[in-house]
Amino acid sequence: MALLIGVPKETAAGEKRVATVPEVVEKLIKLGFAVAVESGAGDAANCADDTFRAAGAEVVGSAAQLWARSDIVFKVRPPSAAEVALMREGGTLIGFVWPAQNPELMQQLADKRATVLAIDSLPRQLSRAQKMDALTSMAGISGYRAVIEAANAFGRFFNGQVTAAGKVPPAKVFIAGAGVAGLAAIGTAANLGAIVRANDTRAEVADQVKSLGGEFVKVDYEEEGSGGGGYAKVMSEGFQAAQREMYARQAREVDIIITTALIPGKPAPKLITAEMVKSMKPGSVIVDMAAEQGGNCELTEPGLAVVKHGVTIVGYTDLASRLAKQSSTLYGNNLLRLTEELCKTKDGIVNVNMEDDAIRGLTVIKEGTVTWPPPPLKLPAPPPKAAAAAVPAAPKGHGHGSSEPMSAQSLAIVFGIGALALLGVGLFAPASFLSHFTVFVLACFIGYMVIWNVTPSLHTPLMSVTNAISSIIAIGALIQIAPPLTGAAGDRPSGLILGMAVVALVLTAINMFGGFAVTRRMLAMFRK
């Protein structure tokens, strides 16, 4: 018998998200499940009861009835004690649980002999787990919304403008932390026209920051900051002192600061001190995305937007919920992908396979037994570094693929061989062939030297330009179409030749204009 998936209305204050949407309900039914949704559960996310009914879900009038009937419950926020009391014995719960922060909730669920899959405990190191990674989905939405909240509280444009009424400088935005949320904020702020700077303890994210249009601000202290599961680790006191100095300098210069720094299982690190807030320009804005875990700013008040020392400090804890429709859709898709892993037979029955690394990491309670924390993942060992060192290094300038220029002796040998080859061709080939062959060799040499000196990222635009220039064949077509200068009848081309010339002219014209149009669009991608 197919299991029933229940989706209750979220009871947390201000929560507008819903754990699934009508588009996902249709796919869950195709997997063999029945779906029931509490009446009004999706109203705040623009998912009315009628849309759920149209997708094939049953709409249930009360939370008590839904919890009692559901074999599996999809939730966004961790359930309250009252909701756990409504849950059926031996049921399954899937959603955010935060087991490290909620030991009492874990015990209540265990007493119900429940099976609990905490979406926040997903082992993010596994590449195949990305489709189920709700933390990443919600972080991306929160980063986008943080910039929108900053723009709302900021009293100026983000982009610079020159108008008849005066010049408006672009806003300067500093983003502390370049994880998923930070990168989303960088891209959004850069697209709005701001000058964006960012910092992260993980040096490898510098290229990602630059690719989104930001400037990576490096701390003047060498220490690796990568932690497990894509998070940052706690840094040494020396690094933190250098980091505070850099933050203080940025606070004096920028208009907006967005902080995203979190370390799993610990309070949010304090990055922005009260003194830094005092040093900021009047009208500046701080958006503290870590407010729910205590905040990265000393003056943050979780859940509120306050003004202190002339600076607006936004400490909202519901950034993802402020884009309820979008976040509900992405979260519903994450739970759908998880359900597909649990029900590979598509018969409406779930199999919590504890041999599967991803499912094992998610499962914090199995049939009333607490299974959290999970055992360490058995990741494949990195290749031994000694193997690379065993290969003898090729001498500079002589190895295959070396970027060093050839020596003078090697260059002389190459040119000598080339000269002998040309001499052999000149002795036996006709004069007309030799002239054409010489032009061909020179063209190849010049073309090679031109392309060699172009930045690799511009090779594709360059190819489209040379493709357009190669359409010089159009001149030959024009010569065929044009009337002969002598006027002799025998000099006129046949109708077939004229037709082919017209077709060639049309195609080469498309090639020429298309090549330059493509080049223009490609080069626009490199402009800020």
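So, here is what we can say about the structure in this document. Since the structure is predicted, the reported quantities are computational estimates derived from the model, not experimental observations.

## A look at the sheet that holds strand 12 (residues 256-259)
So, point 1. Spatially, seven strands are ordered 11-10-9-12-13-15-14 in an open sheet, and the strand pairing comes out mixed. The open sheet has two edge strands, strand 11 (215-216) and strand 14 (305-308), and neither has a second partner.
So, point 2. Strand direction decides the pairing type here: strand 13 (residues 285-288) and strand 15 (residues 311-314), joined by three bridges, are parallel. Across the sheet, the residue bridging to V285 is T312, located in strand 15.
So, point 3. Against the sheet, helix 6 (residues 134-153) touches strand 12, strand 13 and strand 15, its axis set at about 155° to strand 13.

## Observations concerning helix 1 (residues 22-30)
So, point 1. When helix 1 is considered as a whole, its buried residues turn out to be P22, V24, V25 and L28. All buried residues of helix 1 lie within an arc of 150° about the axis, which places them on one face of the element.
So, point 2. Looking at the packing, one finds that the buried side of helix 1 touches strand 1 (4-7), strand 2 (34-38), helix 2 (49-55), strand 4 (72-74) and helix 11 (324-342).
So, point 3. Positive phi appears at G32, one or two residues downstream of helix 1, with a value of about 105°.

## So, the packing of aromatic side chains
For any two aromatic rings, the description comes down to two numbers: the centre-to-centre distance and the angle of the planes.
So, point 1. Applying the stated criterion across every chain yields a total of five aromatic pairs.
So, point 2. Their ring planes at 15° and their centres at 5.6 Å tell us that F96 and Y331 sit as a pair that is stacked. Taken together, the residues F96 in the loop between strand 5 (92-95) and helix 5 (103-111) and Y331 in helix 11 connect sequence positions 235 residues apart.
So, point 3. Judged by its relative accessible area of 7%, F96 is buried.
So, point 4. Classification of Y331 as buried rests on a relative accessible area of 1%.
So, point 5. Look at F154 and F158: their rings are 6.2 Å apart centre to centre, the planes differ by 80°, and that puts the pair in the edge-to-face class. Considered together, F154 and F158 belong to a single accessibility category, that of buried residues.
So, point 6. Members of the aromatic cluster, each reached through a chain of ring pairs, are F96, W98 and Y331.
So, point 7. The ring of Y316 carries R322 above its face, with NZ or CZ at 3.8 Å from the centroid.

## Considerations on the nonpolar core
So, point 1. Core analysis: the biggest nonpolar cluster contains 47 residues, and F74, I94, I119, Y331 and L338 have the highest contact counts within it.
So, point 2. Listing elements by their share of this core, those giving two or more residues are strand 1, helix 1, strand 2, helix 2, strand 4, helix 6, helix 11 and helix 12 (357-362).
So, point 3. Judged by nonpolar contacts, the second largest core, of 29 residues, contains V147, A185, I186 and Y316.

## Some thoughts on the pairing of strand 1
So, point 1. Along strand 1, one buried face is formed by L4 and G6 and the opposite face, lined by I5 and V7, is buried too.
So, point 2. Where strand 1 lies against strand 2, four bridges are found, and the strand directions are parallel. Looking at the pairing, G6 lines up with A36 of strand 2.
So, point 3. Taken together, strand 1, helix 1 and strand 2 constitute a β-α-β crossover, and its handedness is right-handed.
So, point 4. Where strand 1 lies against strand 4, two bridges are found, and the strand directions are parallel. Each bridged residue has a counterpart across the sheet, and for I5 the counterpart in strand 4 is I72.

## Overview of the sheet that holds strand 17 (residues 369-370)
So, point 1. In space, the eight strands of this open sheet follow the order 3-2-1-4-5-6-16-17, with mixed pairing throughout. Taken across any chain shown, the strands that pair with only one partner, and hence form the sheet edges, are strand 3 (58-60) and strand 17.
So, point 2. Two elements, strand 2 and strand 3, share three bridges in a ladder whose sense is parallel. Its bridge partner being in strand 3, E38 is matched across the sheet by V60.

What counts and what doesn't
- Residues numbered from 1 in each chain as written.
- Predicted model: local features only at pLDDT ≥ 70, side-chain atom pairs only at ≥ 80, totals over all residues.
- Heavy atoms only, no water.
- Pairing = 2+ DSSP bridges.
- Helix = DSSP H or I, 4+ residues; strand = E, 2+ residues; numbered from the N terminus.
- Contact = heavy atoms within 4.5 Å.
- Axes fitted to C-alpha atoms, helices over the stretch in contact; angles between N-to-C directions.
- Buried < 20%, exposed > 50% of the residue type's maximum accessible area, 1.4 Å probe, protein only.
- Arc of directions from axis to C-beta.
- Phe/Tyr/Trp six-rings, centres within 6.5 Å; stacked < 30°, edge-to-face > 60°.
- Lys NZ or Arg CZ within 6 Å of the ring centre and 35° of its normal.
- Core = buried A, V, L, I, M, F, W, Y, C linked by side-chain atoms within 4.5 Å.
- Right-handed = clockwise from strand over helix to strand, strands pointing away.

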